[in-house]
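A structural walkthrough
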Amino acid sequence: MTESLVLTRFKKSLSTYEDNAPIQKQMAKNLVSMIDKNKIYNSILEIGCGSGFLTKECTSKLKYVKYTANDIIPDCEKYILKYDNKIKFICGDFQTLNLQEEYDLIISNAVFQWFKSPDEILNKLSRHLSKNGTIAITSFGEKNFYELKEIFNVGIKYPEFKNFVKEDIAEIEFKTLKELLTHIKLTGVNAIKNYPLTKGKLKEFENKYIEKYGKIKLTYNPIYIIIDN
Ligand SMILES: C[S@@+](CC[C@H](N)C(=O)[O-])C[C@H]1O[C@@H](n2cnc3c(N)ncnc32)[C@H](O)[C@@H]1O
């Protein structure tokens with residue numbers, strides 16, 4: 001997907017994301033549970049904060065002095081400031097953002113799969129990580145949304161992270177295929193590029209789905225990466 005398509009999709013779904021993304025919410029909680037809570041972080045950088053699932057976890061559970069959050073969508077600022085009004089928000093595409101500082105925690109939830117070269121971004125992060133600092137990120141593995149690839153032959157290529165510390169498989173079940181497609185739309189994680197479906201086509205795909213899996217479901221494959229400096 002192009003950057004502008006990512007931007008349009010997430011911008012549209014920002015207000016509905018919070019109530020429709022239980023997996024990403026749990027991922028934010030799990031990620032923060034893996035981080036040292038006794039430490040006082042001098043400077044935290046959060047990448048792709050969205051409506052603030054991870055911001056909420058970090059600001060309520062970690063001790064820190066400075067918190068910087070980034071997202072490509074300007075509206076995210078008003079969502080995250082409700083968790084700490086001193087957060088510095090930097091709007092822009094993180095891939096081209098010029099980092100000026102060092103951080104002792106760089107954290108991100110469910111964003112890295114949208115980057116063109118996640119390894120390059122990890123290298124960039126390690127150059128801005130202070131001594132004894134930590135990079136903590138979640139993303140998705142290759143089994144994520146595999147049903148969409150098999151049935152519709154669409155989807156993004158998920159990055160191949162080698163050193164993840166934890167991997168989960170979570171399934172969400174839906175009554176109809178229309179409900180599943182609405183879930184994808186409301187969370188912005190729309191892997192189906194403007195795919196127009198007539199009533200007849202929808203039924204055809206629904207039958208295919210039931211034939212293959214016995215139910216209408218979507219698999220999430222969260223992965224967790226922790227890198228200590
Ligand atoms: C699935 S949402 C995750 C939001 C949040 N991290 C959470 O914990 O729920 C992905 C977020 O990444 C942002 N994003 C995607 N590509 C980006 C980029 N290149 N630079 C900055 N933010 C980006 C989107 O705008 C969106 O808010």
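This text gives an overview of the structure that appears in the document. Throughout, a residue's number is its position along its own chain's written sequence, starting from 1. Thresholds applied to this predicted model are a pLDDT of at least 70 for local features of residues and 80 or more for the giving and counting of side-chain atom pairs; totals over whole chains, interfaces and linings are not thresholded and use all residues. Each side-chain value is derived from all of the structure's non-hydrogen atoms; neither hydrogens nor water enter the calculation.

Only DSSP runs of H or I with at least four residues qualify as helices, and only runs of E with at least two residues qualify as strands; both kinds are numbered from the N terminus onward. Of the regular secondary structure elements, the protein holds 8 helices and 9 strands. A radius of gyration in this sense is built from C-alpha atoms; the matching globule rule multiplies 2.2 Å by the number of residues raised to 0.38. Against the compact-globule benchmark of 17 Å for 229 residues, the protein has a radius of gyration of 18 Å, which places it among compact chains. Counting all 229 residues of the protein, 53% fall into the buried class. Relative to all contacts within the protein whose residues are 6 or more apart in sequence, the contacts with residues 24 or more apart total 75%. In short, Shrake-Rupley with a 1.4 Å probe defines the accessible areas, and a residue's cover is counted only from the protein chains shown. With the model as given, the accessible surface of the protein reaches about 11,600 Å², and the carbon-plus-sulfur share is 50%. None of His or the chain ends enter the tally, which takes Lys and Arg as positive and Asp and Glu as negative. A charged residue contributes its charge at one atom only: NZ of Lys, CZ of Arg, CG of Asp or CD of Glu. Counting 35 positive and 29 negative side-chain charges, the protein places the averaged centre of each group 3 Å from the other. Exposed residues in this analysis have more than 50% of their type's maximum accessible area, buried residues have under 20%, and partly exposed residues fall in between, with area computed by a 1.4 Å probe over protein chains only. A contact between two residues is defined here by any heavy atoms of the two lying within 4.5 Å.

What follows concerns the site of the ligand. Residues in contact with the ligand amount to 22 residues; listed here are only the nearest, G48, D71, D93, F94 and N109. Bound to the protein, the ligand loses 99% of the 600 Å² it would expose on its own. When residues of the shell around the ligand are traced back to their parent elements, those giving at least two are α1 (3-20), α3 (53-61) and β2 (63-71). For the shell around the ligand, the element with the highest residue contribution is α1, accounting for 4 residues. Here the shell around the ligand is built from residues that sort into 13 nonpolar, 6 polar and 3 charged. Neighbouring residues are identified by heavy atoms, a residue being near a molecule or strand if any of them is within 4 Å of it. Residues were grouped as follows: Ala, Val, Leu, Ile, Met, Phe, Trp, Tyr, Cys and Pro as nonpolar; Asp, Glu, Lys and Arg as charged; and all remaining residues, including Gly, as polar.

What follows covers unusual backbone geometry. At N132, a position not held by glycine, the phi torsion is positive, near 65°. Within the secondary structure, N132 sits in strand β5 (residues 129-140). The phi dihedral of F145 is positive, around 55°, even though this residue is not glycine. With respect to the helices and strands, F145 occurs in the loop between β5 and α6 (146-152). A relative accessible area of 4% places F145 in the buried class.

Moving on to the environment of E18. By secondary structure assignment, the location of E18 is in helix α1. E18 gets classed as partly exposed once you look at its relative accessible area, which sits at 24%. Distance in space between the C-alpha atoms of E18 and K124 is 29 Å, their sequence separation being 106 residues. Contacts of E18, omitting those with residues within four sequence positions, involve S51, F53, K82 and Y83.

With respect to the helices and strands, the residue L45 is situated in strand β1 (residues 40-47). Taking relative accessible area as the criterion, L45 reaches 2% and is therefore assigned buried. What L45 contacts, discounting residues up to four positions off in sequence, is T68, F94, L99, Y103, L105, I106 and I107.

Next up on the list: the side chain of E206. As for its position among the elements, E206 is in helix α8 (residues 199-213). In this structure E206 comes out as buried when scored by relative accessible area, which is 15%. Whenever two N or O atoms come within 3.5 Å, that pair is a polar contact, provided that in protein one can donate a hydrogen and the other can accept it, and provided that, for residues adjacent in sequence, both atoms are side-chain atoms. A polar atom in the side chain of E206 sits 2.8 Å from the backbone nitrogen of L177. Excluding residues that lie within four positions of it along the chain, E206 makes contacts with T176, L177, K178 and I216.

To continue, consider the packing of aromatic side chains. Only the six-membered ring of Trp is used, alongside the rings of Phe and Tyr, when aromatic pairs are assigned; centres must lie within 6.5 Å, and planes under 30 degrees apart are stacked while those over 60 apart are edge-to-face, with the rest tilted. Using the criterion set out here, one finds 10 aromatic pairs in the structure. Ring geometry for F152 and F205: centres 4.5 Å apart, planes at 40°, overall tilted. Placement of F152 in helix α6 and of F205 in helix α8 is noted, with a sequence separation of 53 residues between them. The same class applies to F152 and to F205, which are both buried. Put simply, the rings of F94, F112, F115 and F161 pair up and form one aromatic cluster. Sitting over a ring, as applied to charges here, requires NZ of Lys or CZ of Arg to be within 6 Å of the ring centre and within 35 degrees of the ring normal. A cation over a ring is seen here: K217 above Y213, with NZ or CZ 4.9 Å from the ring centre.

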